[in-house]
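So you can see what is in the structure, the chains are spelled out below.
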Amino acid sequence: MKKKFNMPDTYVIIFFVVIFAAILTHTVPVGKFQMEKVTYITETGAEKTKVVPIAGSFSYELNEQGKPLVEGVKFFEPGGEVGVSNYVFEGIVSGDKWGTAVGVIAFIIITGGAFGIILRTKAVEAGLFTLIKKTKGSEYLLLPIVFFFFSLGGAVFGMGEEAIPFAMVLIPIVIGMGYDAITGILITYVSTQIGFATSWMNPFSVAIAQGVAGIPVLSGAGFRIFMWVFFTGIGIAYTLSYAKKVKANPESSISYASDAYYREEFKLSEQQDMEFKFGHKLVLLVVVLGMAWIIYGVVKFGYFLPEIATQFVIMGVASGIIGVLFKLDNMCVNDIASSFRKGAEDLIGAAIVVGMAKGIVLVLGGSEAGEPSVLNTILNWVAEGLSGLPAAFCAWVMYIFQSIFNFFVVSGSGQAALTMPIMAPLSDLVGVPRQVAVLAFQLGDGFTNLIVPTSGILIAILGIAKLDWVIWAKFQIKLQGALFFLGSLFVVGGVLMNLQ
């Protein structure tokens with residue numbers, strides 16, 4: 001009997017990428033760029049500085065014989081250095097609380113724990129049943145509304161990690177409404193990344209890229225707003241079409257088996273005929289006010305991971321206290337601790353992926369342009385390879401490169417700081433407007449966040465949905481191809497229009 005082929009787990013995929021990266025370090029010489037400090041104005045009018053590489057300043061690190069140095073990462077490296085065998089540990093502990101990797105890992109675990117408390121109160125389930133009874137079929141309208149606002153959130157303030165707690169609430173709801181987890185991912189995560197990729201003012205992506213590229217922040221806004229409306233419309237139409245098909249035949253969904261977790265929980269609660277109590281309403285009010293506080297803080301004060309994680313803890317503890325006081329589902333004080341622990345456990349796998357993904361970059365020598373690395377050499381090779389090619393084709397290759405590069409450097413701001421100082425002046429030489437170079441970056445960065453297994457946010461969302469990455473990739477590949485094709489048209493169109 002022929003054995004059925006099992007697609008590899010996300011951890012396995014990343015492991016083989018690490019092995020491939022390690023092989024590259026034994027064949028590709030390391031190099032670095034000279035660095036300079038640039039000043040740019042943000043969309044809020046604030047002046048910021050960033051240290052970026054100087055275009056054309058690349059040089060190989062040389063060995064004792066004066067030839068380009070090929071370092072070759074070792075299998076085991078003591079003393080806190082990076083080796084192939086310790087890529088997980090080094091990846092997890094790298095960075096700081098303001099970003100990848102340790103800050104993102106802490107954020108994922110803490111928000112998972114906070115929402116574990118909220119879900120323990122059963123306020124979400126009780127509110128869901130009340131909603132379904134009152135809407136009586138018109139819940140279909142929920143999908144385009146949520147998609148639109150989440151896409152707007154991605155466009156306006158770079159909504160990414162913030163989608164994780166929303167997914168914890170909305171994925172069980174859409175499954176309870178007769179759809180599936182993929183529908184929930186479409187309206188909570190895909191929507192944010194479409195907004196992120198097509199934004200005219202995203203402070204963590206396009207604003208930094210434009211500032212570093214030396215063009216006015218918010219320039220080209222009209223073109224990008226049209227692009228955002230176009231892609232958001234495509235996303236909504238695709239989601240509604242897919243959701244309608246799943247609603248008519250739930251078993252046609254490739255996530256039908258994994259959805260059983262929430263489906264059975266929904267049926268059990270439905271049998272209990274849950275009452276929507278005053279305590280449940282208070283918990284949901286805490287969640288709504290907490291989310292409003294987070295959005296206000298991000299937009300008004302630039303809150304990031306440390307502040308947002310703390311806000312979620314406050315929301316979780318407040319919900320737990322309400323649950324105990326009103327005896328929601330017989331909740332006691334110890335249940336606050338145990339549900340926090342359970343919620344954190346559910347996302348620990350996603351948190352580890354963040355560390356693993358960072359480990360890939362560390363094996364390649366890191367993403368610092370001023371330090372010798374294989375990534376810098378590859379970036380320089382691409383820049384040199386584009387010289388002399390037609391402008392429209394160069395722009396399209398830039399788009400492809402940014403899409404591939406995002407596998408290794410998932411952070412939008414990190415990718416912007418590393419690639420735009422090289423791509424912007426290069427675009428001048430090959431006849432590509434700098435605005436289009438930024439466009440190629442933001443589309444390549446944002447759209448591939450929807451499928452790369454090195455994205456900790458994506459893996460966290462899939463963890464909430466109880467869905468393997470391979471199953472998601474099988475579904476997403478068609479939409480990914482469509483987004484890439486349409487993105488290519490906008491990039492080439494930008495060159496033909498001489499977008500400034």
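Presented here is a report on the structure given in the accompanying data block. (Residues numbered from 1 in each chain as written. Predicted model: local features only at pLDDT ≥ 70, side-chain atom pairs only at ≥ 80, totals over all residues. Heavy atoms only, no water.)

**Quick look at the overall build of the protein**
Next, step 1: Helix and strand counts for the protein come out as 20 helices and four strands.
Next, step 2: Taken against the 2.2 N^0.38 rule, which gives 23 Å for 500 residues, the C-alpha radius of gyration of the protein at 23 Å falls within 12% of a compact globule.
Next, step 3: For the protein, the spread of C-alpha atoms along the principal axes amounts to about 75 × 60 × 55 Å.
Next, step 4: Taking all 500 residues of the protein together, the buried fraction comes to 54%.
Next, step 5: Across the protein, contacts joining residues at least 24 apart in sequence account for 78% of those joining residues at least 6 apart.
Next, step 6: Placing the 32 positive and 34 negative side-chain charges of the protein at their respective mean positions leaves the two points 8 Å apart. (Helix = DSSP H or I, 4+ residues; strand = E, 2+ residues; numbered from the N terminus. Rg over C-alpha atoms; globule rule 2.2 N^0.38 Å. Buried < 20%, exposed > 50% of the residue type's maximum accessible area, 1.4 Å probe, protein only. Contact = heavy atoms within 4.5 Å. Lys, Arg positive; Asp, Glu negative; His and termini not counted. Charge placed at Lys NZ, Arg CZ, Asp CG, Glu CD.)

**Here's the deal with the environment of Asn334**
Next, step 1: Within the element layout of this structure, Asn334 appears in helix 13 (residues 333–346).
Next, step 2: Taking the C-alpha atoms as reference, Asn334 lies 55 Å from Val491; in sequence the two are 157 residues apart.

**Looking at unusual backbone geometry**
Next, step 1: One non-glycine residue, Lys122, lies in the positive phi region at around 65 degrees.
Next, step 2: Its place among the elements puts Lys122 in the loop between helix 3 (102–120) and helix 4 (123–135).
Next, step 3: On the accessibility criterion, Lys122 (22% relative accessible area) is partly exposed.
Next, step 4: In this structure, Asn330 takes a positive phi of about 55 degrees despite not being glycine.
Next, step 5: Mapped onto the elements, Asn330 comes out in the loop between helix 12 (305–325) and helix 13.

**What to know about the packing of helix 15 (residues 374–385) against helix 17 (residues 412–430)**
Next, step 1: Across the interface, helix 15 lies against helix 17 with an axial gap of 11 Å and an inter-helix angle of 15 degrees. Overall, the two elements helix 15 and helix 17 adopt an arrangement that is roughly parallel. For helix 15 against helix 17, the interelement crossing comes out right-handed. Mapping the contact onto sequence places Asn376, Leu379, Val382 and Ala383 in helix 15 and Leu418, Thr419, Ile422, Met423 and Leu426 in helix 17.
Next, step 2: Looking at the contact of helix 15 with helix 17 residue by residue, the classes come out as seven nonpolar, two polar and no charged. (Axes fitted to C-alpha atoms, helices over the stretch in contact; angles between N-to-C directions. Parallel < 35°, antiparallel > 145°, perpendicular 65-115°, else oblique. Left-handed = near helix turned anticlockwise from the far one by under 90°. Nonpolar A, V, L, I, M, F, W, Y, C, P; charged D, E, K, R; others polar.)

**Things to note about helix 19 (residues 456–464)**
Next, step 1: Burial within helix 19 is extensive, with eight of its nine residues counted as buried.
Next, step 2: By the burial criterion, the buried members of helix 19 are Gly456, Ile457, Leu458, Ile459, Ala460, Ile461, Leu462 and Ile464.
Next, step 3: With its phi angle positive at about 60 degrees, Lys466 sits one or two positions after the end of helix 19.

**Here's the deal with the packing of aromatic side chains**
The relative placement of two aromatic rings is captured by the distance of their centres and the angle of their planes.
Next, step 1: In this structure the tally under the stated criterion is 27 aromatic pairs.
Next, step 2: Between Phe15 and Phe16, the ring centres sit 5.7 Å apart and the planes meet at 75 degrees, which makes this aromatic pair edge-to-face.
Next, step 3: Relative to Phe312, the ring of Phe115 has its centre 5.9 Å away and its plane inclined at 65 degrees; by these criteria the two rings are edge-to-face. Remark: Phe312 occurs in helix 12 and Phe115 occurs in helix 3; sequence separation between them is 197 residues.
Next, step 4: With a relative accessible area of 1%, Phe312 lands in the buried category.
Next, step 5: Cluster of aromatic residues (ring-pair linked, three or more members): Phe223, Phe226, Phe230, Phe231, Phe447 and Phe490.
Next, step 6: Over the ring of Tyr179 we find Lys247; its NZ or CZ atom is 4.9 Å from the centre of that ring.
Next, step 7: Above the face of the Tyr261 ring, Lys466 is positioned so that its terminal group lies 4.6 Å from the ring centre. (Phe/Tyr/Trp six-rings, centres within 6.5 Å; stacked < 30°, edge-to-face > 60°. Lys NZ or Arg CZ within 6 Å of the ring centre and 35° of its normal.)

**Topic: the environment of Pro250**
Next, step 1: In this fold, Pro250 is placed in the loop between helix 9 (221–248) and helix 10 (260–271).
Next, step 2: The partly exposed category is assigned to Pro250, whose relative accessible area is 35%.
Next, step 3: For the pair Pro250 and Tyr179, spaced 71 residues apart in sequence, the C-alpha to C-alpha distance is 6.8 Å.

**Some remarks on the environment of Ala460**
Next, step 1: Of note, Ala460 is situated in helix 19.
Next, step 2: Between the C-alpha atom of Ala460 and that of Tyr399, which follows or precedes it by 61 residues, the distance is 26 Å.
Next, step 3: Not counting the four nearest positions on each side in its chain, Ala460 is found in contact with Ile108, Ile164, Leu347 and Ala350.

**Considerations on the packing of helix 7 (residues 181–197) against helix 9**
Next, step 1: For the pair helix 7 and helix 9, the least separation of the axes is 10 Å and the interaxial angle reads 170 degrees. With respect to helix 9, the element helix 7 is oriented roughly antiparallel. Contact residues: Ile182, Thr183, Leu186, Ile187, Ile194, Gly195 and Ala197 in helix 7; Met227, Trp228, Phe231, Thr232, Gly235, Tyr238, Thr239, Tyr242 and Ala243 in helix 9.
Next, step 2: Its residues placed into classes, the contact of helix 7 with helix 9 shows eleven nonpolar, five polar and no charged.

**Overview of the pattern of salt bridges**
Next, step 1: The full count for this structure, using the stated rule, is five salt bridges.
Next, step 2: Measuring nitrogen to oxygen at the nearest pair gives 3.1 Å for the salt bridge that ties Arg120 to Asp329. Of the two residues, Arg120 is situated in helix 3 and Asp329 in the loop between helix 12 and helix 13; the sequence distance between them amounts to 209 residues.
Next, step 3: Residue Lys342 pairs with Asp346 through a salt bridge whose shortest N-O separation is 3.1 Å. Taken together, the positions of Lys342 and Asp346, both in helix 13 and four residues apart, correspond to about one turn of that helix. (Salt bridge = Lys/Arg side-chain N within 4 Å of Asp/Glu carboxyl O.)

**Regarding the nonpolar core**
Next, step 1: Counting 146 residues, the largest nonpolar core has Ile164, Ile171, Ile185, Phe312, Met420 and Trp472 as the members making the most contacts within it.
Next, step 2: A total of eleven residues in this core trace back to one element, the largest contributor, which is helix 20 (residues 469–496).
Next, step 3: Filtering out sequence-adjacent residues up to four positions away, Ile164 remains in contact with Phe107, Ile108, Thr111, Leu347, Ile457, Ala460, Ile461 and Ile464. (Core = buried A, V, L, I, M, F, W, Y, C linked by side-chain atoms within 4.5 Å.)

**Thoughts on a nonpolar patch on the surface**
Next, step 1: Taken together, the side chains of Phe278, Val313, Val317, Ile321, Leu325 and Phe326 make up a nonpolar region of the molecular surface, amounting to roughly 550 Å² of accessible area.
Next, step 2: For the nonpolar patch, the leading source of residues is helix 12, giving four residues.
Next, step 3: Following the sequence through the fold, Val313 ends up in helix 12. (Patch = residues over 30% accessible without salt bridge, like charges linked within 9 Å, V, L, I, M, F, W, Y side chains within 5 Å. Areas by Shrake-Rupley, 256 points an atom, 1.4 Å probe, with all protein chains shown as cover.)

**So, helix 18 (residues 434–448)**
Next, step 1: Helix length check: helix 18 (15 residues) gives 21 Å between terminal C-alpha atoms against 21 Å at 1.5 Å per residue, within 8%.
Next, step 2: Taken across its 15 residues, helix 18 has 14 buried, putting it largely inside the fold. (Expected span 1.5 Å × (residues − 1).)

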